[in-house]
Amino acid sequence: DFDQKAASLEPRELLNFLNDYFTQFDRICEGKHGKEGVTKIETVGEEYMCAVGVVPEDVKINREQGHYVILERLVRTASEIL
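The present account deals with the structure reproduced in this document. (Residues numbered from 1 in each chain as written. Predicted model: local features only at pLDDT ≥ 70, side-chain atom pairs only at ≥ 80, totals over all residues. Heavy atoms only, no water.)

### Thoughts on the pattern of salt bridges
In step 1: Following the criterion strictly, the structure yields three salt bridges and no others.
In step 2: The residue Asp26 makes a salt bridge to Lys40 at a minimum N-O spacing of 3.3 Å. One end of the pair, Asp26, is in helix H2 (residues 11-30); the other, Lys40, is in strand S1 (residues 39-44), and 14 residues separate them in sequence.
In step 3: Look at Lys40 and you get partly exposed, because its relative accessible area is 30%.
In step 4: Note that Glu72 is salt-bridged to Arg76, the shortest N-O span being 3.5 Å. Of the two residues, Glu72 and Arg76 both sit in helix H4 (residues 67-81), four residues apart, roughly one turn of that helix.
In step 5: Owing to a relative accessible area of 31%, Glu72 belongs among the partly exposed residues under this scheme. (Salt bridge = Lys/Arg side-chain N within 4 Å of Asp/Glu carboxyl O. Helix = DSSP H or I, 4+ residues; strand = E, 2+ residues; numbered from the N terminus. Buried < 20%, exposed > 50% of the residue type's maximum accessible area, 1.4 Å probe, protein only.)

In structure tokens:
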């Protein structure tokens, strides 16, 4: 549980903890998995927000192949994070 983990850490430790995880999430979304086309939107507190279907190429894919193809990329990326 994040709240319990956060409560057990000093502020600097918590920042380092979040930074480590967010850096890993960035690598998954943008790095070797950049081919998935998952776009990082922002981080707010302990939340990491990313999306698919927000770039022009995704609009074209959705129109031609349907939204399943785009959502599948998000599911693959989420499974990598979890």
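### Brief notes about the packing of aromatic side chains
In step 1: Within the structure shown, the criterion is met by five aromatic pairs.
In step 2: When the centroid spacing of 6.3 Å and the interplanar angle of 70° are considered together, the rings of Tyr21 and Phe25 count as edge-to-face. Of this pair, Tyr21 and Phe25 both sit in helix H2, separated by four residues, roughly a single helical turn.
In step 3: Accessibility expressed as a relative area gives 39% for Tyr21, which makes it partly exposed.
In step 4: Judged by centre distance (5.7 Å) and plane angle (45°), the ring pair of Phe22 and Tyr48 falls under tilted. Placement of Phe22 in helix H2 and of Tyr48 in strand S2 (residues 47-51) is noted, with a sequence separation of 26 residues between them. (Phe/Tyr/Trp six-rings, centres within 6.5 Å; stacked < 30°, edge-to-face > 60°.)

### Some points on the packing of H2 against H4
When two helices pack together, their arrangement is given by the angle between the helix axes and the distance between those axes.
In step 1: One can describe the packing of H2 onto H4 by two numbers: an axis separation of 10 Å at closest approach and a directional angle of 150°. With respect to H4, the element H2 is oriented roughly antiparallel. Considering how the two elements wind past one another, H2 and H4 form a crossing that is right-handed. Only Thr77, Glu80 and Ile81 of H4 make contact with H2, whose side of the interface consists of Phe25, Ile28 and Cys29. (Axes fitted to C-alpha atoms, helices over the stretch in contact; angles between N-to-C directions. Parallel < 35°, antiparallel > 145°, perpendicular 65-115°, else oblique. Left-handed = near helix turned anticlockwise from the far one by under 90°. Contact = heavy atoms within 4.5 Å.)

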